[in-house]
Amino acid sequence: MKGATLLSIGCCAATAAAASNVRGQHQKVHKKVVFKEQAERALSGSGDISFDDDMWAWDQGDMETVWDDYSIEPKKCMIYKGKHVIAYELYGKGNNQCAKKSEGTYLVDVGTFATAYTAQKQVDYALLGNDYGGADALDYTSCTAVQYNDVYYYAQLGCSNQGGLKMYVYSDESCTQESNSNAGLYNDVKIQFNACQSCVSWPAEQGDDDAAAQVELDDNFYSYHEYDSKLCGAVDQAASKESCGWGCRKAVKKGETNSYNIKKSWNGFEKFFLFFWSFCAIGLVWVVLKQRRMMSREDAIVEEAAMNGMGLKKRHVFPIALGIIFFVLLAMFMVWKKLTWLLLIGANVGLFAHFVFLRRKAKKASGGGEGYIKDAGLEIS
């Protein structure tokens, strides 16, 4: 009886071991077939899995959105309704570098966006064979204790008043009482705002990603990678994501306007030429008026007839000149650079050409013995 019992137990153990072995083999085969169950890994060659290949691996993301069709534009980091958030705009297929096909403006917390943005940059750089590195500020995406000079503080990454990122230091564990100390911390997360970027980047050179002899199974990088975006996928699925309404978009636009005004200004080189061409125009007006005083009666009559043919009178010249001066000054004030240079340089060229014309006429008249009437060219009819 005892021997029969032992034999029965041994048979059961052998059967269980065999079943376990079969399940293990089945699971191994299952992992080779269903790619989405592969663990996320870094660049190939690491040897962490038997079917690691020589390109970037699929990251277990969903296959509902082809992120390769999308682009994203970070707009501004701001404090909105008491929260430190980053506003971004998402663009769909055929957006032509964020020129059209906007799918809306959204908000997400600073920590989520900064982490996802850095991860995306690491992917982009790695695909080009470069190392983007990390960012120490990502250790403070939430309220975190830090010891500095034997004093405990709390730090958290947030938004500055200028629309960028800033490391805040607090004296309480809830991160509500801001401290004057910087605790030796600074922000090293660099986000490029108001710049369009594709949600998915690709290797600089596309080759055979199944070239290694030890490869047992290709991970179909070129098929799956179009669904893989560390940035767009993360912020789209973030729990803190919310739509940016009219008031929110107005706050974002206000920051863009300030950045525009800072960017659109006259630099020192441009200011020099503004003064140069302005004084040239004043000088040319003076010499043209002086030259017109020497016009002959015949030239004055011919000129007036030509102006009458265009529907103009000499009395119209002064208001036209004032209008040109007004538009030049307005363009300078509004920093409309192209219009300013067009009007200013155009006025100088026109005045110089008129001076040359009058000068040649005066020489011909004096050579032919023709007389002139003083101020004939300045008479207003």
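The structure this text deals with has already been given above.
Each value, and the rule that gives it
- Every chain is numbered independently, its residues counted from 1 as its sequence is written.
- Local features in this predicted model are restricted to residues of pLDDT 70 or higher, and side-chain atom pairs are both shown and tallied only at a pLDDT of 80 or more, whereas totals for entire chains, interfaces and linings draw on every residue.
- Hydrogens and water molecules were not included; the side-chain quantities draw on all heavy atoms of the structure.
- Any Lys or Arg side-chain nitrogen located within 4 Å of an Asp or Glu carboxyl oxygen qualifies as a salt bridge.
- Relative accessibility under 20% of the residue-type maximum defines a buried residue, over 50% an exposed one, and the middle range a partly exposed one, all with a 1.4 Å probe and only protein chains included.
- When two cysteine sulfur atoms are found within 2.5 Å, that pair is recorded as a disulfide.
- For the purposes of this entry, the term helix denotes a DSSP run of H or I that reaches at least four residues, the term strand denotes a run of E that reaches at least two, and both are numbered from the N terminus.

With the rule as written, the count across this model stands at four salt bridges. Salt-bridge contacts for Lys-75 lead to Glu-73; the nearest nitrogen and oxygen are separated by 3.6 Å. Both residues of the pair, Lys-75 and Glu-73, count as buried. Put simply, Asp-236 and Lys-241 hold a salt bridge, and the shortest N to O gap is 2.9 Å. Owing to a relative accessible area of 23%, Asp-236 belongs among the partly exposed residues under this scheme. For Lys-241, a relative accessible area of 26% translates into the label partly exposed. One salt-bridge network, in which partners are shared between bridges, spans Glu-73, Lys-75 and Glu-89.

Throughout the structure, instances matching the rule amount to five disulfides. Between Cys-77 and Cys-159 runs a disulfide, and the two sulfur atoms are separated by 1.9 Å. One disulfide, between Cys-77 and Cys-159, carries an S-S torsion of -80° and so falls in the left-handed class. With Cys-77 in strand 1 (residues 71-80) and Cys-159 in strand 5 (residues 151-159), this pair connects stretches of sequence that are 82 residues apart. Note on accessibility: Cys-77 and Cys-159 belong to one class, buried.

Nothing here speaks to function; it is geometry throughout.
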